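# Results of the structural survey
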Protein chains: 2
Amino acid sequence: MTAPLHEAHPTGGGRALPNTQQGMRRRNLAKVMHTVSAEGPLSRAAVASRIGLTRAAVSTLVDELIRSGLLEELGPERPGRVGRPGSALAVSGRGPAGIGAEVGVDHLAVCAVDLRGEVRSRAVRHGANRGRDPEPVIEELGELVRQVVAEAEREGLWPAGLAVAVPGLVARDARTVVRAPNLHWRDRDLGDLLPVDFPLTVGNEANFGALAELWLGEGTPRDFLHVSAEIGIGAAVVVDGGLLRGTHGFAGELGHVPVQPDGPGCPCGGRGCLEQYAGEEAVLRAAGLEPGEDRVGLLAGRAAEGDEDVRRALRDAGTALGIALTGAVNLLDPQSVVLGGALAGLAPWLLPSLEAELDRRTAGPACPVSVSRLGPEGPLLGAAHSVVRGVLDDPVAVAERA
Amino acid sequence: MTAPLHEAHPTGGGRALPNTQQGMRRRNLAKVMHTVSAEGPLSRAAVASRIGLTRAAVSTLVDELIRSGLLEELGPERPGRVGRPGSALAVSGRGPAGIGAEVGVDHLAVCAVDLRGEVRSRAVRHGANRGRDPEPVIEELGELVRQVVAEAEREGLWPAGLAVAVPGLVARDARTVVRAPNLHWRDRDLGDLLPVDFPLTVGNEANFGALAELWLGEGTPRDFLHVSAEIGIGAAVVVDGGLLRGTHGFAGELGHVPVQPDGPGCPCGGRGCLEQYAGEEAVLRAAGLEPGEDRVGLLAGRAAEGDEDVRRALRDAGTALGIALTGAVNLLDPQSVVLGGALAGLAPWLLPSLEAELDRRTAGPACPVSVSRLGPEGPLLGAAHSVVRGVLDDPVAVAERA
C-alpha cells in the first residue's frame, strides 16, 4: 500500500488518511516522527507527553520506526537522573533522503537532504538555459541527479523522491510545466523527460521557496505571502502552514497583478502588470543597464556604490511592489510578507518605498515585511525538504518501499 | 465537555478533534450526520457504504444519534425489495436549530433554520441604522431574536446558537466589530450587547454570504471568490470548501484593492480603491443620482428603463471590478467568481465590462463569473446555516447541551 509521495508535497500539508484504526496508527507514527524531528533528541517518555499518548503506545510506535530505520537510539542518557535511564531517540541520518533539483534561467542545481534536514550532497552547473529545448536541459539535470544520488548512497542514504523546482506555472499533476516564459517552455511533461525509479514531483520555484521559508526560516509565521524574483516575479501564499495552490495550481501570480491599468502592455495580454515595473529586466531597463548573467549582483553592486539611476529604478520598483502587495494584503490578511529569492539581495533599496506604499494604502492593520535569509537557496532547499516532509508525514509508506 | 460552537463556524470547516478513540467516534458521528443531511433519507446500509464503515459500526452510531434526537427513522422502506426491510434515516426536523441574524445598513433580519436546512421562522424590521449607536440597534435585534426563537420553540426546536452578520471587519474572537464604516461602529463587542443563553458568533456579512453560496448554491465549486456589496464592497475567499479568514479575520477586503493608484482618496487612507469606482455611492454619484434607501432598486430600475447615465456608471463600475478581480484571480486562481448581494441585482449591466476586462487581463486560464441566486438573502441564510453546520460537525457536543 505505497502511497504516492509526490501528491502530498506541493501542498505542504499531510495526506488525508482514512479515519480507521490503521489510519490512526499511521497518523500517530507521523506525529512521533515530526516530534522527534522538530525537538529531538527526546526520550520515549518525552515523546509520549508531547503527543498525548501513553508511554506504552509510544514505545510500540517507536519500535516500529526503529525497525524501519527512520529513528535511531542514541544510547542511555547520562546517569544521575531519577528512574531507569531512558535512551534518547533521534531521527536517522541514514535511510531515506529527499532529492531537490532546480532549473534556473542561468543554472541547474541538485541536492540531497537527509531526514535530519542536513544537506549531504550537492551539485551545481552554471550556464544559460533560456530558449534551450527542455530535452537537453533535463538531460543535464538528470546527470546531476545521478551524481548526487550516487554520493548520497555512499553515505548510506537512498532517494525517497525527487522534487524539481521550475520558474513557471506547473499543472496540478505536479509533472507538467504549462508555461515557463523565461525558459520559453510550454506544456511539457518533465516526468517523461526525467526517468527516475523513485517518485518525481515538479513544482513552481516560488512555491518551493515559500515552503523553505515556512520550514527553515526563523520565526516564520504560518500565514504569509512570499514574494520572490528571478527574471519574472513569483509569489506564493501560505495559509495555516500549507500552500494555497489554486484550481489549476497557478495561485500566486503576483507578477501579473495590474499596478497601472493603463500602463505598458505585458506579454501575458494585460497592461501595466507588476512585472512591467518590478521584474529584473524592467528594473535594468529603467536604470539604463544591459541584462547580463548576474543581474541581481549587477543591480546590488551599482546601488551599493551609490548609482542614482539604479537606486531610483529600485525605488520605483519598490513602489510598484507596494501597490500590488496592498491588494494582496487586503485580500489575504497575511501575518507578514517575506521577500525572498533575488528580491532578498535588493531589499535595502526596495524596502523603504515598498513599505511606505503598503503602509499608506493598507485598509487593515500594518503588515510587516521581512527579508528571507535563505535568499536564492530557497527553492532548491524547499524542493528537497518537501520530499523529507513527505517521509515524516507518512513514514509507513516509505518504510514499505525501502 | 461542551465544545464552543462559535469557534468553528466562521471558518466553515470542522473543529479539529483529537486523534484518539473518542475523537474518532466523534468524527464518525459527524460523517453520519453529514451523509444523511446531504443525501438522505438513507438506510443504515447505504450510510455504511457511503462512509466506508461496517453496517454494525454505523448502527451503533445511528442509534446514538437517534437517542440524541438528531436523526429520526421514517419507518420501514417500501416492500418488494430483497432482504429485511430497512428503515430510512432522516435528519430530524425538531431539536437544534440555527439562528441567523443580519445587521444591515437599512434593515435588521433574523431567522431560524432547522437541521434539514428549512427556514422555520423569520422576522425583518426596516429602518436606517447608519450612524445609530450599536446599543439601540442591537437591542432591537435582540427583540427580533427572542421573537424568532419563541416561534421556533413552539415548533419543537431549540436554539443551538446565534450567528450575526455585520457589514464590517470582525476580529477573530468572532464577537468584536473592529470597524463597520457604513454603520460608523468601531471596536464594539456585540457579545456584551446581546445577552443570549446559547453560543453567539459575529461574522462579516460577505463571509456568511459566501458560505451560503458554498452550502446552498447549485453547483458552487469548493474554491471561489465571492463578491458582494451593500454600500461597501465585500468579498470572501473560499478555499477547498473553507473560508480563508486571514490573520486578523479581515481577509477579502477587495473594496480597498487599488484600481487606479493615483485615483481619488478613500476614507481608508489609500487612493483609487475599488470602492471609489464600484461602491453603491460611487455609482450613484457617477450616474448623477441621490443616495436613498433602495439604492440597488433605483439603479436597476433606471438601467432597465435604458437610462444611459446609469448604464454608463454601471459599465465603468464593471470595468473597475474587472481590474481588481484580475489581481485577485492571479493571486488565488479560484475556480470561479460569484457575484452576490446587491451586485447580483445589477449583474446584467456590470457583467459585460467586468468579464471583458477580466478575460483580457488574466494571465492564466479564463475564470468564469457567475451570479448568485441567493442575492441579498445570502448573509442571513449563511449565518443560520453556519450554526446548523456546527451541529453536523460535532453532534456529540450539541447532544450533551440539549
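Residues numbered from 1 in each chain as written. Chains lettered and ligands numbered in written order. Predicted model: local features only at pLDDT ≥ 70, side-chain atom pairs only at ≥ 80, totals over all residues. Heavy atoms only, no water.

Per an unreviewed UniProt entry, the recorded name for chain A is ROK family transcriptional regulator, and the organism is Streptomyces muensis. Regarding chain A, the relevant UniProt record gives this comment under Sequence similarities (unreviewed entry): "Belongs to the ROK (NagC/XylR) family." (UniProt positions renumbered as here; feature names shortened; annotations may be inferred.)

Scanning chain A from terminus to terminus reveals 14 helices and 15 strands. The globule rule puts the C-alpha radius of gyration for 402 residues at 21 Å, and the 22 Å found for chain A is close to it. Along the longest, intermediate and shortest principal axes, the C-alpha atoms of chain A span 70 × 50 × 40 Å. Across the 402 residues of chain A, 60% fall into the buried class. Taking the contacts inside chain A whose residues are at least 6 apart along the sequence as the reference set, 63% of them involve residues at least 24 apart. Across chain A, the mean location of the 40 positive side-chain charges is 6 Å away from that of the 51 negative side-chain charges. (Helix = DSSP H or I, 4+ residues; strand = E, 2+ residues; numbered from the N terminus. Rg over C-alpha atoms; globule rule 2.2 N^0.38 Å. Buried < 20%, exposed > 50% of the residue type's maximum accessible area, 1.4 Å probe, protein only. Contact = heavy atoms within 4.5 Å. Lys, Arg positive; Asp, Glu negative; His and termini not counted. Charge placed at Lys NZ, Arg CZ, Asp CG, Glu CD.)

When chain B is fitted to chain A, the residual RMSD is 0.1 Å, and the transformation amounts to a turn of 180° plus an axial shift of 0.1 Å. Expressed as a symmetry operation, the mapping of one chain copy onto the other fits a two-fold axis. Taking the C-alpha atom as reference, chain B places glutamine 260 of chain B closest to the rotation axis, 3.2 Å from it. A shared binding surface is used by both copies, with 100% of the interface residues of chain B retained as interface residues in chain A. (Least-squares fit on C-alpha atoms with pLDDT ≥ 70 in both.)

Residue and element names in this part refer to chain B. The N-to-C vectors of helix α7 (residues 205-216) and helix α13 (residues 378-393) enclose an angle of 70°; their axes lie 7 Å apart at closest approach. The pairing of α7 with α13 is recorded here as roughly perpendicular in orientation. In the crossing of α7 with α13, the sense of the turn from one axis to the other is left-handed. Residues Glu205, Phe208, Gly209, Ala212, Trp215 and Leu216 of α7 form the contact with α13, whose own contacting residues are Gly378, Pro379, Leu381, Gly382, Ala383, His385, Ser386 and Arg389. Taken together, the residues of the contact of α7 with α13 break down into 7 nonpolar, 5 polar and 2 charged. (Axes fitted to C-alpha atoms, helices over the stretch in contact; angles between N-to-C directions. Parallel < 35°, antiparallel > 145°, perpendicular 65-115°, else oblique. Left-handed = near helix turned anticlockwise from the far one by under 90°. Nonpolar A, V, L, I, M, F, W, Y, C, P; charged D, E, K, R; others polar.)

What follows is about the pattern of salt bridges. Evaluated as defined, the whole model comprises 50 salt bridges over all chains. Between glutamate 73 of chain A and arginine 44 of chain A there is a salt bridge, with the nearest N and O atoms lying 3.2 Å from each other. Of the two residues, glutamate 73 of chain A is situated in strand β1 (residues 71-76) and arginine 44 of chain A in helix α3 (residues 44-51); the sequence distance between them amounts to 29 residues. Between arginine 295 of chain B and aspartate 106 of chain B there is a salt bridge, with its nearest N and O atoms 3.0 Å apart. Here arginine 295 of chain B is found in helix α10 (residues 295-305), whereas its partner aspartate 106 of chain B is found in the loop between β3 (95-103) and β4 (107-114), with 189 residues between them in sequence. Of the two residues, arginine 295 of chain B and aspartate 106 of chain B, both sit in the buried class. Linked by salt bridges that have partners in common, Arg125, Arg132, Glu140 and Glu143 of chain A make up one network. (Salt bridge = Lys/Arg side-chain N within 4 Å of Asp/Glu carboxyl O.)

Another aspect to go through is the sheet that holds strand β14 (residues 336-339) of chain A. All names here are of chain A. Strands sit in the order β13-β12-β11-β14-β15 across an open sheet of 5 strands; the sheet is mixed. Strands at the two margins of the open sheet, each flanked by one partner only, are β13 (242-243) and β15 (369-371). Pairing of β14 with β15 involves 3 bridges; the strand directions are parallel. Of the residues in β15, the one forming a bridge with valine 337 is valine 369. In this fold helix α11 (residues 308-332) packs onto β11 (224-229), β12 (233-239) and β14, with an angle of close to 150° to the strand it touches most, β11. (Pairing = 2+ DSSP bridges.)

On to the sheet that holds strand β3 (residues 95-103) of chain A. Residues and elements named next belong to chain A. Pairing is mixed in the open sheet, where 5 strands are placed in the order β5-β4-β3-β6-β10. The open sheet terminates on both sides in strands that have one partner only, identified here as β5 (119-126) and β10 (200-204). When the angles between neighbouring strand axes are averaged without regard to direction, this sheet yields 20°. Pairing geometry for β3 and strand β6 (residues 157-166), over 8 bridges, is parallel. Its bridge partner lying in β6, alanine 97 is registered against proline 159. Sheet contacts for helix α5 (residues 134-154): β3, β4 (107-114), β5 and β6; angle to β4, the most-contacted strand, approximately 25°. Along the sheet face, helix α7 (residues 205-216) touches β3, β6 and β10 and points at about 95° away from the line of β10.

Residue-level contacts link 49 residues of chain B with 49 residues of chain A. Summed over both sides, the interface between chain B and chain A buries roughly 4000 Å², with carbon and sulfur atoms accounting for 56% of that surface. Summed over the shared surface of chain B and chain A, the result is 0 salt bridges. At the junction of chain B and chain A, the tally comes to 24 residue pairs in polar contact (both at pLDDT 80 or more). Elements represented by at least two residues in the side of chain B that touches chain A include exactly α2 (21-39), β12 (233-239), α11 (308-332) and α12 (341-361) of chain B. When residues in the side of chain B that touches chain A are grouped by element, the largest group, 7 residues, is from α11 of chain B. (Buried area = accessible area lost by both parts, 1.4 Å probe. Polar contact = N/O pair within 3.5 Å; in protein donor to acceptor, adjacent residues only side chain to side chain.)

Let us look at empty space enclosed by the protein. Within the structure shown, the criterion is met by 7 cavities of 30 Å³ or more. In this model, the largest cavity occupies a volume close to 100 Å³. Residue assignment for the lining of the largest cavity shows that the elements contributing at least two residues are α11 of chain A together with α11 of chain B. (1 Å grid on protein atoms, 1.4 Å probe; cavity = no way out; pocket = protein on both sides within 12 Å on 5 of 7 lines; lining within 4 Å. Points joined across faces, edges and corners; volume = space filled by probe spheres on them.)

Here we take up unusual backbone geometry. Residue and element names in this part refer to chain A. Residue proline 41 follows glycine 40 across a cis peptide bond; omega there is 0°. Despite not being glycine, histidine 184 has its phi angle at roughly 70°, a positive value. Checked against the element boundaries, histidine 184 lands in the loop between β8 (176-180) and β9 (185-189). With relative accessibility at 56%, the residue histidine 184 sits in the exposed group. In this structure, aspartate 187 takes a positive phi of about 50° despite not being glycine. Tracing the chain through its elements places aspartate 187 in strand β9.

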